[in-house]
Amino acid sequence: MSNGSVERRLRRRSVHRSRSTAVAVALVVLALVAAWVGTESVLRALGRPPLLADPQSAVDTALRPDAAFVTLAEVVAGALVVLGIVLVVLAVTPGRRHRSVVEHDRGGVVVDTRILASTAANAAGSAAGVPEGNASASARGRRTEVRIVPVTGIPVDEAAVRDAVRERLGALDERFGRRVRVHVEEKGTLA
Amino acid sequence: MTGGPDVPGRVEITARALTSLARAVAAEGLGAPAGRVRVGLGDAAGALALDITGPIAAGDDIVARSARIADEVKTRVSDLTGRRVGSAHIELTGLVRERDTRIH
């Protein structure tokens, strides 16, 4: 794998979700609030009537709250708390997409999780000798789970299926084949 | 069913084919015409379950003979299809006499 900084950035950008939308929205809101405070301050300094509310009288009302203002403040505070939690979650979580980087000597290669799952299902189906629709798989992170509905009367060797899936996924990248779980349904289908 | 990693492709036996095969085998064992024998296929913990309904050829000790026939049908179907057969359940609906079979 080449380690050019552009390629590293590209790989990271492909696997993780961008935070630019959240950042842009938060900054626009912040800029609007700052602009309003600035405008009101200038208007008060000039002795003109305020646009929305005079900052000084707004603070005074907040310090000596009446019933209507308390309700309003509660609603606003609730909205701000929700917004804050959303922003913190967006900032802290890795924001992974369902993709994985594969080591390759020519450029960055990114594989979608669904491709891993269908590869695993295909390998499991041919190893178990069941029709295409009888094998399904789901992949999540490094973990792959395979479910097989056997054909009635033909036992499925779980260990052989697991090995086949490991081998096929390992050919993509050695990390994928490490955690494979095979589940064989008890009831089979006739054909 | 696959022929191993060296043989590409796979062989599938449809449920209908399995049913007719089981019916022919059961009719042969019971000594009854295949047209009067019904076979239902099911799944018992991953193995084939046969449900045979039909008449049996007249003779001595029908009960012991049906038990033996159930065993024979199980092994024969298993040999022919290559699948595990878990159980064979026989329900007798009547007797077939010699002259009856000759008419058929």
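Residues numbered from 1 in each chain as written. Chains lettered and ligands numbered in written order. Predicted model: local features only at pLDDT ≥ 70, side-chain atom pairs only at ≥ 80, totals over all residues.

S.K.: Explain the overall build of chain B to me, using residue names and the numbers behind them.
M.R.: Summing up its helical and strand segments, chain B has three helices and three strands in all. When the elements of chain B are put in sequence order from the N terminus, they spell out α-β-β-α-β-α. Burial analysis of chain B (104 residues in total) assigns 24% to the buried set. (Helix = DSSP H or I, 4+ residues; strand = E, 2+ residues; numbered from the N terminus. Buried ≥ 20, exposed ≤ 12 C-beta atoms within 10 Å, placed from the backbone.)

S.K.: Account for the pairing of strand 4 (residues 143-148) of chain A, naming residues and giving values.
M.R.: Residue and element names in this part refer to chain A. By the alternation rule, side chains of strand 4 split into Thr 144, Val 146 and Ile 148, which are all buried, and Arg 143, Glu 145 and Arg 147, of which none is buried. Bridge count for strand 3 (residues 135-140) against strand 4 is six bridges, and the pairing is antiparallel. By the bridge assignment for strand 4, Ser 138 is matched with Glu 145. In sequence, strand 3 turns back onto strand 4 through a hairpin of two residues, with Gly 141 there showing a positive phi of about 65 degrees. Two strands pair when backbone bridges link them, and strand 4 and strand 5 (residues 179-184) are joined in this way by six bridges, in the parallel orientation. The partner of Val 146 across the bridge, within strand 5, is Val 182. Handedness of the crossover joining strand 4 and strand 5 through helix 6 (residues 158-172) is recorded here as right-handed. (Pairing = 2+ DSSP bridges. Right-handed = clockwise from strand over helix to strand, strands pointing away.)

S.K.: Describe the sheet that holds strand 4 of chain A, with residues and values.
M.R.: Residues and elements named next belong to chain A. The sheet built from three strands is open, its strands ordered 3-4-5 with mixed pairing. Strands with a single pairing partner mark the edges of an open sheet, and in this sheet they are strand 3 and strand 5. Recorded for the sheet is a direction-independent mean angle of 15 degrees between the axes of neighbouring strands. Packing of helix 6 onto the sheet brings it into contact with strand 4 and strand 5, and relative to strand 5 it is tilted by some 145 degrees. (Axes fitted to C-alpha atoms, helices over the stretch in contact; angles between N-to-C directions. Contact = placed C-beta atoms within 7 Å.)

S.K.: How would you explain the nonpolar core if you had to name every residue and give the values?
M.R.: A:Ala120, A:Ala124, A:Ala128, A:Val146, A:Ile148, A:Val161 and A:Val165 are the most contacted members of the largest nonpolar core, which has 22 residues in total. Sequence-distant contacts of A:Val146, that is, excluding residues within four places in its chain, are made with A:Ala120, A:Ala121, A:Ala124, A:Ala135, A:Ala137, A:Val161, A:Val165, A:Val180, A:Arg181, A:Val182 and A:His183. (Core = buried A, V, L, I, M, F, W, Y, C linked by C-beta atoms within 7 Å.)

S.K.: Outline the sheet that holds strand 2 (residues 47-57) of chain B, listing residues and values.
M.R.: All names here are of chain B. Overall, mixed pairing links the three strands, which are arranged 1-2-3 in an open sheet. On the outer flanks of this sheet lie strand 1 (38-44) and strand 3 (85-96), each paired with one strand and no other. Between one strand and the next, the sheet's axes are offset by a mean angle of 20 degrees, whatever the strand orientation. In this structure, strand 1 lies alongside strand 2, joined through seven bridges in antiparallel fashion. Counterpart to Asp 43 in the pairing with strand 2 is Leu 48. Sheet strands touched by helix 2 (residues 62-81): strand 2 and strand 3. Its angle to strand 3, the strand with the most contacts, is close to 135 degrees.

S.K.: Lay out the environment of B:Ser20 with the relevant residues and their values.
M.R.: In this structure, B:Ser20 sits in helix 1 (residues 15-30). In this structure, the C-alpha to C-alpha distance between B:Ser20 and B:Val39, residues 19 residues apart in sequence, is 8.0 Å.

S.K.: Explain the packing of helix 1 of chain B against helix 2 of chain B residue by residue, including any values.
M.R.: Residues and elements named next belong to chain B. One can describe the packing of helix 1 onto helix 2 by two numbers: an axis separation of 10 Å at closest approach and a directional angle of 140 degrees. Crossing handedness for the pair helix 1 and helix 2: right-handed. Two secondary-structure elements touch here, helix 1 through Leu 18, Leu 21, Ala 22, Val 25, Ala 26, Gly 29 and Leu 30 and helix 2 through Ile 69, Glu 72, Val 73, Arg 76, Val 77, Leu 80 and Thr 81. Here the contact of helix 1 with helix 2 is built from residues that sort into ten nonpolar, two polar and two charged. (Left-handed = near helix turned anticlockwise from the far one by under 90°. Nonpolar A, V, L, I, M, F, W, Y, C, P; charged D, E, K, R; others polar.)

S.K.: Give me the confidence of the model for chain B: which residues, what numbers.
M.R.: Of the residues in chain B, 88% reach a pLDDT of 70 or more, and the chain-wide mean stands at 86. For this predicted complex, the interface score ipTM comes out at 0.72, while the overall pTM is 0.64. (pLDDT = per-residue confidence, 0-100.)

S.K.: An account of the confidence of the model for chain A is requested, with residue identities and associated values reported.
M.R.: Summing up the model confidence of chain A, the mean pLDDT is 84 and the portion of residues at 70 or higher is 98%. Taken element by element, chain A is modelled with least confidence in helix 3 (residues 55-63) of chain A, mean pLDDT 75, and with most confidence in strand 4 of chain A, mean pLDDT 90.

S.K.: With reference to specific residues and values, describe unusual backbone geometry.
M.R.: Residue and element names in this part refer to chain B. One non-glycine residue, Ala 45, lies in the positive phi region at around 50 degrees. In this fold, Ala 45 is placed in the loop between strand 1 and strand 2. Despite not being glycine, Asp 61 has its phi angle at roughly 50 degrees, a positive value. Relative to the elements of secondary structure, Asp 61 occurs in the loop between strand 2 and helix 2.

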